[in-house]
Amino acid sequence: VFGYPIEITDRGRANKNPCIWTGKKYIFGVMDMEIRDAEFIENSEEIPDDDECPWPHLEELFTYRGRKGDSVQMQCKLCLPSAVISAYKTSASNLKKHIMLFSFLMLAARSQRKTTATPNKLSSSKQAKLPDVMLAAASKRVPQTTVDKLIINFICESVQPFTVVEQPAFKELITTLQPQAKVISRSTVRTRICDAADDMKKTLIAELGKAKFVATTTDCWSAHQKSYLGVTCHWINEETLERRSAALACKRLRGSHTFDVIAGALDDVHCQYKIRDKVVRTTTDSGSNFLKAFHVFGMQKDAEVDDDEEDMDALDASDHIEYHDASTILDEDSGMEYQLPPHQRCACHLLNLVATTDASLAEAMNDTYKRLFRATFAKCQAIWNKTGRSHLASEVVEDKCGLQIIRPNATRWNSTCLATERIIRIIDEKGEDSIRGVCDELKVKMLSPAEVAFLREYSITMKPLMKASNILQSESSVYMGWLLPVIHQLLSKLNRLEISSKTCTPLIRALQNGLHKRFGQMMEDPELAAAAVLLPKFKTSWTDRADVIEAALTYLKQHLETSKNEGELQRESSDDEDFFSRPLSKTLPSPFELDGYLACASDNMELLHSFPAIKKLSLKLNTALPASAACERLFSCAGLLFTSKRSRIDSVNFENQLLLKLNKRFRK
């Protein structure tokens with residue numbers, strides 16, 4: 001029993017109460033090899049006087065604490081400190097139950113030890129070790145519910161298939177660590193993950209219900225002949241002003257990815273999480289289907305609505321009256337079955353277009369640049385091809401340069417910049433002889449000094465663009481107000497590089513033209529400028545253009561006035577007797593709060609707590625993200641889960657497992 005040899009004896013046969021002999025003493029009675037209601041049979045003398053323990057043979061296990069009426073107060077020595085146990089003066093059943101529940105394993109272990117102590121007395125050293133032994137034994141037993149939860153966490157965190165619970169090695173691992181535990185089946189895993197995903201969604205809906213402003217990012221992804229729509233959600237905690245993020249969906253899209261299909265799927269996700277009226281902006285790439293979806297079903301800006309109202313007022317009520325059949329109008333699609341928030345183009349995708357499409361136009365500006373660019377990158381491409389196709393060539397580079405060559409990736413434009421930086425680093429650290437030796441071994445043409453200088457200047461020119469992209473694609477520390485300051489700073493850096501440039505002047509001008517082309521409309525948007533002003537890090541110091549700052553301040557004053565008037569109207573009482581207690585009057589917004597905010601020298605976000613109206617408007621304008629990189633990260637994680645071997649996984653199971661991995665903080 002519990003790893004100790006036992007002997008069943010016939011002692012106490014007259015009482016039909018067999019006992020267990022552990023090699024030292026009798027412990028308690030058993031019947032048919034099962035523990036049952038048997039009394040301690042050793043030292044069964046008569047009950048002593050009231051001032052003594054009625055069961056002296058139990059002094060090893062309990063300490064006598066006195067009497068209280070007909071009850072005897074005993075304290076267990078095995079689980080000190082513990083509450084006093086009460087037992088009736090003629091029955092030790094309560095004490096027996098306590099020992100059977102908590103101390104049977106300890107008693108068997110102690111009885112098996114060979115010690116010189118007397119049967120009814122324990123030495124102080126032995127008594128001191130009993131609680132430690134009990135805690136160690138208890139720590140080895142894990143409830144089955146905990147084992148099941150840990151298995152589910154392991155499957156979700158390590159993106160394992162559900163069939164992992166059927167593998168013999170996994171079962172052996174669990175049963176070896178916990179012999180009494182059982183491994184749940186594959187169907188149970190699927191059910192538990194589904195239930196956990198439902199609980200996670202309820203928790204996330206409750207968390208989103210506390211937020212006043214929410215932003216989303218979305219994109220489409222295809223793998224193994226299946227298409228999915230990914231949606232992420234972002235908001236700012238009003239108390240800590242920290243960015244919070246969550247993955248909302250990665251749902252299957254069937255059929256063509258037309259604008260109405262995308263609009264319907266995105267609107268369903270917003271309605272599912274009850275954030276349809278809270279989303280301030282949705283950030284996507286510049287795909288034509290997304291652009292049309294938000295153009296048709298997206299909310300119009302205030303300027304567009306005002307223009308429409310002015311056009312309607314200009315028409316005379318008696319002119320241009322036409323009559324139509326009402327039933328025909330109701331049957332037609334009005335385009336209002338879906339409601340999408342304002343749209344924001346991904347800044348990183350636009351920078352990608354600037355670095356690739358717009359930068360390629362530099363070759364048409366200058367023939368010298370064109371020849372130098374093509375000659376330099378033709379030799380670099382030869383090196384990249386050799387090292388990528390042969391392990392021998394890769395070993396040659398490592399032996400002579402101490403570093404590996406980075407190969408560009410067609411889907412990531414910044415990989416070209418990183419690849420050129422690695423070649424320049426090898427030349428700077430190891431000298432031109434190292435790269436010349438590589439070219440000789442690989443039998444490719446060596447870069448000339450002019451080409452090396454061009455490659456160095458090209459890397460310096462493209463580096464600010466790469467840094468701007470890295471800043472804007474951040475998720476936890478970047479707000480919408482970062483967009484215009486980053487673009488203005490990028491243009492400023494390019495202007496300074498243009499002065500000192502020798503061979504890359506056409507490239508710099510092409511990049512400048514591309515930035516003005518892609519971001520020109522955003523740079524004139526007063527809402528985006530106001531978002532930058534409402535960030536203590538920037539305020540009004542991020543640009544030298546006075547007209548942009550003036551437009552931003554005008555926007556802020558108008559919206560602060562609107563918020564103030566709305567608050568006063570909500571406080572107006574509807575009772576008749578209070579009709580004249582608060583006369584309505586046109587109240588102008590107080591400029592002191594905005595002026596006080598701008599006058600503060602602090603650049604910490606905690607400054608917003610001192611200006612409630614500024615804080616509320618800042619949260620509204622800065623909740624959105626300037627890039628949709630968060631959705632790309634969702635797809636990166638989905639790629640680890642949706643592999644070729646698991647391409648037949650059900651879309652619901654795939655989405656549940658993915659959301660549980662990404663939304664760990666919202667899981668119970």
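Residues numbered from 1 in each chain as written. Predicted model: local features only at pLDDT ≥ 70, side-chain atom pairs only at ≥ 80, totals over all residues. Heavy atoms only, no water.

As annotated in an unreviewed UniProt entry, the chain carries the name Transposase and is attributed to Cyprinus carpio.

**Student:** What exactly am I supposed to notice about the sheet that holds strand S5 (residues 62-68) here?
**Tutor:** Within a beta sheet, neighbouring strands are joined by backbone hydrogen bonds and run either parallel or antiparallel to one another. In spatial order, the strands read S5-S6-S7; together these 3 strands make up an open sheet with antiparallel pairing. On the outer flanks of this sheet lie S5 and strand S7 (85-88), each paired with one strand and no other. Taken over all neighbouring pairs, the strand axes of this sheet differ in orientation by 30° on average, direction set aside. (Pairing = 2+ DSSP bridges. Helix = DSSP H or I, 4+ residues; strand = E, 2+ residues; numbered from the N terminus. Axes fitted to C-alpha atoms, helices over the stretch in contact; angles between N-to-C directions.)

**Student:** I keep staring at the packing of aromatic side chains and nothing clicks. Help me out?
**Tutor:** Ring pairs (aromatic) are described by centroid distance and by the angle formed between their planes. This structure, assessed with the given rule, holds 19 aromatic pairs. Ring geometry for Tyr228 versus Phe642: centroids 5.7 Å apart, planes at 75°, classification edge-to-face. Here the residue Tyr228 occupies a position in strand S9 (residues 226-236), and Phe642 occupies one in the loop between helix H23 (629-641) and helix H24 (651-662), the gap between them amounting to 414 residues. Take Tyr228: its relative accessible area is 0%, and that puts it in the buried class. (Phe/Tyr/Trp six-rings, centres within 6.5 Å; stacked < 30°, edge-to-face > 60°. Buried < 20%, exposed > 50% of the residue type's maximum accessible area, 1.4 Å probe, protein only.)

**Student:** Sorry if this is basic, but what is going on with the nonpolar core here?
**Tutor:** A general tendency of soluble globular proteins is for nonpolar side chains to be buried together. Membership of the largest hydrophobic core comes to 98 residues, with the highest contact counts inside it found for Leu465 and Phe519. The element best represented in this core is helix H16 (residues 449-472), accounting for 9 residues. Setting aside chain neighbours within four positions, we find Phe519 in contact with Ala347, Leu350, Leu351, Leu483 and Ile487. One finds Tyr228, Ile275, Phe290 and Phe654 within the second-largest nonpolar core, a separate group that totals 60 residues. (Core = buried A, V, L, I, M, F, W, Y, C linked by side-chain atoms within 4.5 Å. Contact = heavy atoms within 4.5 Å.)

**Student:** Is there a simple way to think about the sheet that holds strand S10 (residues 243-253) in this case?
**Tutor:** Pairing is mixed in the open sheet, where 5 strands are placed in the order S10-S9-S8-S11-S12. With one partner strand each, in any of the chains shown, S10 and strand S12 (343-345) form the two edges of the open sheet. Between one strand axis and the next, the sheet turns through 25° on average, direction left out of account. As paired elements, S9 and S10 share 10 bridges and run antiparallel to each other. Its bridge partner lying in S10, Trp235 is registered against Arg244. Against the sheet, helix H6 (residues 186-210) contacts strand S8 (214-223), S9 and S10, and its axis sits at roughly 130° relative to S10.

**Student:** Quick question: what am I supposed to make of the confidence of the model for the chain here?
**Tutor:** Should pLDDT be low for a region, the predicted coordinates there are not to be read in detail. Taken as a whole, the chain shows an average pLDDT of 80; of its residues, 75% reach a score of 70 or greater. Here residues 302-321 scores under 50 on pLDDT; set against residues more than four positions off or in separate chains, the count is 4 contacts. Confidence over residues 583-589 falls short of pLDDT 50; this stretch has 9 contacts with residues more than four positions distant or in other chains. (pLDDT = per-residue confidence, 0-100.)

**Student:** Would you mind showing me how to read helix H11 (residues 347-358) here?
**Tutor:** Side chains three or four residues apart in an α-helix point the same way, a direct result of the helix having 3.6 residues per turn. Those residues of H11 that fall on the buried side of the exposure criterion are Ala347, Cys348, Leu350, Leu351, Val354, Ala355 and Asp358. Taken end-on, H11 shows its buried residues confined to a sector of 165°, consistent with a single buried face. On its buried face, H11 sits against S12, H16, helix H17 (483-500) and helix H18 (505-523). (Arc of directions from axis to C-beta.)

**Student:** Teacher, can you tell me more about the packing of H23 against H24 here?
**Tutor:** The description of two packed helices rests on the angle between their axes and on the distance between the axes. Closest axis-to-axis distance for the H23/H24 pair is 10 Å, and the angle between their directions is 125°. Here H24 runs oblique to H23, going by the angle between their axes. Between H23 and H24 lies a crossing of right-handed hand. On the side of H23, the interface is formed by Leu634, Cys637, Ala638 and Leu641, while H24 contributes Phe654, Gln657, Leu658, Lys661 and Leu662. Split into classes, the residues belonging to the contact of H23 with H24 amount to 7 nonpolar, 1 polar and 1 charged. (Parallel < 35°, antiparallel > 145°, perpendicular 65-115°, else oblique. Left-handed = near helix turned anticlockwise from the far one by under 90°. Nonpolar A, V, L, I, M, F, W, Y, C, P; charged D, E, K, R; others polar.)

**Student:** How do you make sense of the environment of Ala551 when you look at a structure like this?
**Tutor:** Mapped onto the fold, Ala551 is located in helix H20 (residues 546-571). Judged by relative accessible area, which is 34%, Ala551 ranks as partly exposed. Sequence separation between Ala551 and Ala529 is 22 residues, and the spatial gap between their C-alpha atoms is 7.9 Å.

**Student:** I'm lost on the environment of Met365 in this one. Help?
**Tutor:** Tracing the chain through its elements places Met365 in the loop between H11 and helix H12 (367-389). Judged by relative accessible area, which is 42%, Met365 ranks as partly exposed. Through-space distance from the C-alpha of Met365 to that of Pro506 is 6.2 Å; in sequence the pair is 141 residues apart. Leave out the neighbours within four places in its chain, and Met365 touches Pro506, Arg509, Ala510 and Asn513.

**Student:** Would you mind going over the pattern of salt bridges with me for this structure?
**Tutor:** Note on pairing: side chains with opposite charge can pair once their charged atoms come close. Tallied over the entire structure, the rule returns 18 salt bridges. The residue Lys664 makes a salt bridge to Glu157 at a minimum N-O spacing of 3.9 Å. Within this pair, whereas Lys664 is found in the segment after H24, its partner Glu157 is found in helix H4 (residues 144-157), the two being separated by 507 residues in sequence. For Asp428, the salt bridge is made with Arg456, and the minimal N-O distance between the two is 3.0 Å. Of this pair, Asp428 sits in helix H14 (residues 414-430) while Arg456 sits in helix H16, and the two are 28 residues apart along the sequence. Judged by its relative accessible area of 48%, Asp428 is partly exposed. Put simply, Glu157, Lys664 and Arg667 are held in one network by salt bridges that share partners. (Salt bridge = Lys/Arg side-chain N within 4 Å of Asp/Glu carboxyl O.)

**Student:** Is there a simple way to explain the side chain of Lys615 in this structure?
**Tutor:** Within the element layout of this structure, Lys615 appears in helix H22 (residues 612-622). It is Glu238 that comes nearest to the buried, bridge-free Lys615 among opposite-charge side chains, at 5.3 Å. Of the polar contacts made by the side chain of Lys615, one reaches the side chain of His609; its length is 3.2 Å. Dropping the residues within four chain positions of it, Lys615 is found in contact with Glu238, Leu241, Leu608 and His609. (Lys, Arg positive; Asp, Glu negative; His and termini not counted. Polar contact = N/O pair within 3.5 Å; in protein donor to acceptor, adjacent residues only side chain to side chain.)

**Student:** Mind showing me how you'd approach the environment of Ala531 here?
**Tutor:** Tracing the chain through its elements places Ala531 in helix H19 (residues 526-533). Counting along the chain gives 86 residues from Ala531 to Leu617, while the straight-line C-alpha distance between them is 8.6 Å.

**Student:** Explanation requested: the side chain of Thr232 in the structure shown.
**Tutor:** Along the chain, the position of Thr232 falls in strand S9. Classification of Thr232 as buried rests on a relative accessible area of 4%. Of the polar contacts made by the side chain of Thr232, one reaches the side chain of Thr217; its length is 2.2 Å. A polar contact is formed between the side chain of Thr232 and the side chain of His234, at a distance of 3.0 Å.

**Student:** Just checking my understanding: could you explain the packing of H6 against H24 for this structure?
**Tutor:** Direction vectors running N to C along H6 and H24 enclose 60°, while the axes themselves pass 9 Å from each other. On the basis of the axis angle, H6 is oblique to H24. As for the relative orientation of H6 and H24, their crossing is left-handed in sense. For the pair H6 and H24, contact is made by Arg190, Ile193, Cys194, Ala196, Ala197, Met200 and Lys201 and by Asn653, Asn656, Gln657, Leu659 and Leu660, respectively. Across the contact of H6 with H24, the residue classes break down as 7 nonpolar, 3 polar and 2 charged.

**Student:** Quick question: what am I supposed to make of a positive patch on the surface here?
**Tutor:** Together, Lys386, Arg389, Arg407 and Lys443 line one region of the surface with positive charge. By the element assignment, Arg389 lies in helix H12. The exposure class assigned to Arg389 is exposed, which follows from its relative accessible area of 69%. (Patch = residues over 30% accessible without salt bridge, like charges linked within 9 Å, V, L, I, M, F, W, Y side chains within 5 Å. Areas by Shrake-Rupley, 256 points an atom, 1.4 Å probe, with all protein chains shown as cover. Charge placed at Lys NZ, Arg CZ, Asp CG, Glu CD.)

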